[in-house]
Amino acid sequence: MIDEIRSYCLAKPGVEETFPFDDVTLVFKVGGKMFLMLPLDNPEFVSVKCDPDRAIDLRDAYCDILPAWHMNKRHWNMMRIRGAIPRHLFFELIDHSYSLVVAALPRAIRENILACDR
């Protein structure tokens, strides 16, 4: 599943994979901003950015969605990779994280990234 998550993220416009913290925490960025973190030494969870209100609703609805460790828990959730989260929702939440980050980028950077998708 790690390879699938990696391929899914890298298929999005403007995405880069980095190891900014250490050599085991894979971070996907768009426009230089993080939208997904995956610890390769313990790949049980993936952390994604989330709208704060939706984050709470998701945590209430799914025991495999929790506040992300070492991140702003208001804006970041971690999802159990092999948990009971429906597959379509798992990837929808990756899309949601990516979209939130792109929307917050300066207009010129955002337009450049979105132009690559055309």
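The structure presented is a predicted model; accordingly, all values stated were derived computationally and were not measured.

The rules behind each value
- Along each chain, residues carry numbers from 1 onward, in the same order as the chain's sequence is written.
- Only residues with pLDDT of 70 or above have their local features reported here, since the model is predicted, and side-chain atom pairs are shown and tallied only from 80 upward, although totals for entire chains, interfaces and linings are computed over all residues.
- As a convention, hydrogens and water are excluded, and side-chain values are obtained from all of the structure's heavy atoms.
- Three labels apply to residues, based on accessible area from a 1.4 Å probe with only protein chains included: buried if under 20% of the type maximum, exposed if over 50%, partly exposed otherwise in between.
- For helices the rule is a DSSP run of H or I covering at least 4 residues; for strands it is a run of E covering at least 2, with both sets numbered from the N terminus onward.
- Regarding the arc, it is the one traced by the directions from the helix axis to the C-beta atoms.
- Any two residues whose heavy atoms approach within 4.5 Å are treated as being in contact.
- A 3.5 Å cut-off defines polar contacts: any pair of N or O atoms within that distance qualifies, except that in protein one atom must be a possible hydrogen donor and the other a possible acceptor, and neighbouring residues in sequence count only when both atoms are side-chain atoms.

1. Quick notes on helix H2 (residues 52-61)
Moving on, step 1. Among the residues of H2, Pro52, Ala55 and Leu58 are the ones counted as buried. All buried residues of H2 fall inside an arc of 115° around its axis, so they share one side. What points out from H2, more than 90 degrees from its buried face, is the exposed set Asp53, Asp57, Asp60 and Ala61.
Moving on, step 2. Lining the buried residues of H2 we find strand S5 (65-67), strand S6 (76-80) and helix H3 (87-104).
Moving on, step 3. One side-chain oxygen at the N-terminal end of H2 lies 3.2 Å from the backbone nitrogen of Asp53; it belongs to Asp51.

2. Quick notes on the side chain of Asp64
Moving on, step 1. Position of Asp64 among the secondary structure elements: in the loop between H2 and S5.
Moving on, step 2. Given the relative accessible area of 9%, Asp64 is considered buried.
Moving on, step 3. Within the structure, Asp64 has its side chain in polar contact with the side chain of Arg80 (distance 2.7 Å).
Moving on, step 4. A distance of 2.6 Å separates the side chain of Asp64 from the backbone nitrogen of Ala84, its partner in a polar contact.

By themselves, these figures tell us nothing about what the structure is for.
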